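Commentary on secondary and tertiary structure
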Amino acid sequence: MLMVDLLMFRNFQIKSSLSNYSVIFIEDFKKNIIKEKSDKQYFIIDRKIYNLNKNFFDKNKIIHKSIIIKADENAKSFENFAKYANTLIKLKIDKNSEINLIGGGVTQDIGAFLSSILFRGIKYNFYPTTLLAQCDSCIGSKTSININSYKNLIGNFWPPKKVYIDFNFLFSLDISAKKSGIGEMCHYFLYSNIDLFNRFMGDYDKILINTQLIHKYIYKSLLIKKNVIQIDEFDNGERKKFNYGHTFGHAIEALTNYKINHGQAITMGMDFANYISYNYKKLSIEKYETTRALLKKNFSKHNLQNYSLKKYISILKKDKKNKDGKLGCILFCENEKMYLTYQKFDKNFIKLVQNYFLFSK
Ligand SMILES: NC(=O)c1ccc[n+]([C@@H]2O[C@H](COP(=O)([O-])OP(=O)(O)OC[C@H]3O[C@@H](n4cnc5c(N)ncnc54)[C@H](O)[C@@H]3O)[C@@H](O)[C@H]2O)c1
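Residues numbered from 1 in each chain as written. Predicted model: local features only at pLDDT ≥ 70, side-chain atom pairs only at ≥ 80, totals over all residues. Heavy atoms only, no water.

1. With respect to the environment of tyrosine 164
With respect to the helices and strands, tyrosine 164 occurs in strand β9 (residues 162–165). Taking relative accessible area as the criterion, tyrosine 164 reaches 4% and is therefore assigned buried. When the C-alpha atoms of tyrosine 164 and threonine 129 are compared, they prove to be 9.8 Å apart, with 35 residues separating the residues in sequence. Those residues in contact with tyrosine 164, other than ones at most four positions away along the chain, are Ile24, Ile26, Asn32, Glu36, Asn125, Phe126, Tyr127 and Pro128. (Helix = DSSP H or I, 4+ residues; strand = E, 2+ residues; numbered from the N terminus. Buried < 20%, exposed > 50% of the residue type's maximum accessible area, 1.4 Å probe, protein only. Contact = heavy atoms within 4.5 Å.)

2. Let's talk about the nonpolar core
If you look at the biggest cluster of nonpolar residues, it comprises 98 residues, and the most contacted ones within it are Phe248 and Tyr312. Composition of this core by domain shows at least three residues from each of domain 1 (6–172) and domain 2 (178–213 + 231–359). Discounting residues that sit within four places of it in the chain, tyrosine 312 has contacts with Phe248, Ala251, Ile252, Leu255, Phe272, Val353 and Phe357. Among the nonpolar cores identified, the runner-up in size contains 15 residues, and Ile24, Phe43, Phe57 and Ile62 belong to it. (Core = buried A, V, L, I, M, F, W, Y, C linked by side-chain atoms within 4.5 Å. Domains from an automatic or database assignment.)

3. Here we look at the pairing of strand β10 (residues 327–332)
Across the six residues that make up β10, a large majority, six, are buried. Side chains Leu327, Cys329 and Leu331 project from β10 onto one buried face, and the interleaved Gly328, Ile330 and Phe332 project onto a second face that is buried too. Bridge analysis of β10 against strand β11 (residues 338–343) gives six bridges, and the strand direction is antiparallel. Along β11, the bridge assignment pairs phenylalanine 332 with methionine 338. (Pairing = 2+ DSSP bridges.)

4. Side note on the site of the ligand
Close contacts around the ligand come from 25 residues, with Glu73, Gly105, Thr129, Thr130 and Lys151 the closest. Contact distances for the ligand include 3.2 Å between an oxygen atom and a side-chain N or O atom of asparagine 152. Protein contact buries 87% of the 870 Å² of open area that the ligand shows by itself. Residue assignment for the shell around the ligand shows that the elements contributing at least two residues are α2 (47–52), α5 (105–117), α6 (131–137), β8 (150–157) and α7 (175–192). By residue number, the principal contributor to the shell around the ligand is α6, which donates four residues. Considering only residue class, the shell around the ligand consists of seven nonpolar, nine polar and nine charged. The two domains that each donate at least three residues to the shell around the ligand are domain 1 (6–172) and domain 2 (178–213 + 231–359). (Near = heavy atom within 4 Å. Polar contact = N/O pair within 3.5 Å; in protein donor to acceptor, adjacent residues only side chain to side chain. Areas by Shrake-Rupley, 256 points an atom, 1.4 Å probe, with all protein chains shown as cover. Nonpolar A, V, L, I, M, F, W, Y, C, P; charged D, E, K, R; others polar.)

5. Details of the domain arrangement of the protein
In terms of domain boundaries, the protein breaks down into domain 1 (6–172) and domain 2 (178–213 + 231–359). Listed as interface residues are 18 residues of domain 1 and, on the opposing side, 20 residues of domain 2. For the pairing of domain 1 and domain 2, the buried interface totals around 1,700 Å² over both sides, and the portion due to carbon and sulfur atoms is 61%. Looking at the side of domain 1 facing domain 2, the largest losses of area belong to Leu131, Leu132 and Lys151, adding up to 28% of the total buried there. At the junction of domain 1 with domain 2, the criterion picks out two salt bridges. A salt bridge links aspartate 235 to lysine 142; the nearest nitrogen and oxygen atoms lie 2.6 Å apart. Our count for the domain 1 to domain 2 interface comes out at five residue pairs in polar contact (both at pLDDT 80 or more). In terms of residue count, β8 provides more of the side of domain 1 that touches domain 2 than any other element does, five residues in total. (Buried area = accessible area lost by both parts, 1.4 Å probe. Salt bridge = Lys/Arg side-chain N within 4 Å of Asp/Glu carboxyl O.)

Here is the structure:
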């Protein structure tokens, strides 16, 4: 186990009109669970985390009050929800219970949404175990599940009671999960400070092999997000800018049937948005190309040329941010600011998407 100097990372509180909550850096999630253990605690655990710590969960009888989830997008499907709710009800969960979520963004989305609807809302704590969940999704209170092929279409805002961050979870992540988290961090750093983005991407190769280097970036990423969600909790203004890369990225995830992970799809989505900006003369060729060269380090090997442009456009047409038949997307412009624009699906735009498909590798 890594002895992290936790003094470098101050616990902090997120102010929320629904309920304030704390982000707490811990040395060992097991000790924490034992410390908090009581009859009212229930668990939703990522299957990989359960398998890696089976002895602990079984020996302490936590398994008897748990749902174990194979974390993939299918687990977030609308159809699976009745099953999760039924299991918890059979385990005698009640209004005063608390659910502890231990996993990545999938476990969080499922558990937070379930917590928000069971008994019209119960408390939950979150132990994020992926890089993406530690640097991004663990704060902000969003819950989302999928319906048919529509990603994150159903959901609400439901804050946790506490978020416990144990960096030791990052050791067992595979390279794809690391790249996924890096993708989300890229969009926070580009939003906040291009020098920070440049430094971060300069450290890219080292970060992939040494997860310790990433702790300070996780912390920075959370502080950037904290500032914005406290100003715009419900995504009505400034927070919408965090959708940078997500419109085009979510559609890449859906198009490839989630073969490309979330964060890498978002990295490609940022480059896609920059390509549109450059073509609309909002971004110089120099800035577009230097940013692309850095983002490309985190691209997936998939080639969009192998996928259907028609299907991609039809996915974009169903994006939840669209208004009056126009595509709602965040673009990055020359002065390093981001802005929301509504883009018509006209011939020009479709040609740009087609061109991007042709040269994206
Ligand atoms: N609610 C939000 O604010 C929010 C924000 C961003 C993304 N999301 C959602 O999060 C999901 C992606 O989440 P994610 O990237 O955290 O991954 P994930 O939950 O999909 O997990 C990815 C893989 O990593 C495994 N895993 C988890 N922790 C591990 C560990 N410590 N060691 C080894 N393997 C581990 C999982 O079993 C899974 O196979 C997407 O569905 C996305 O829509 C939600």
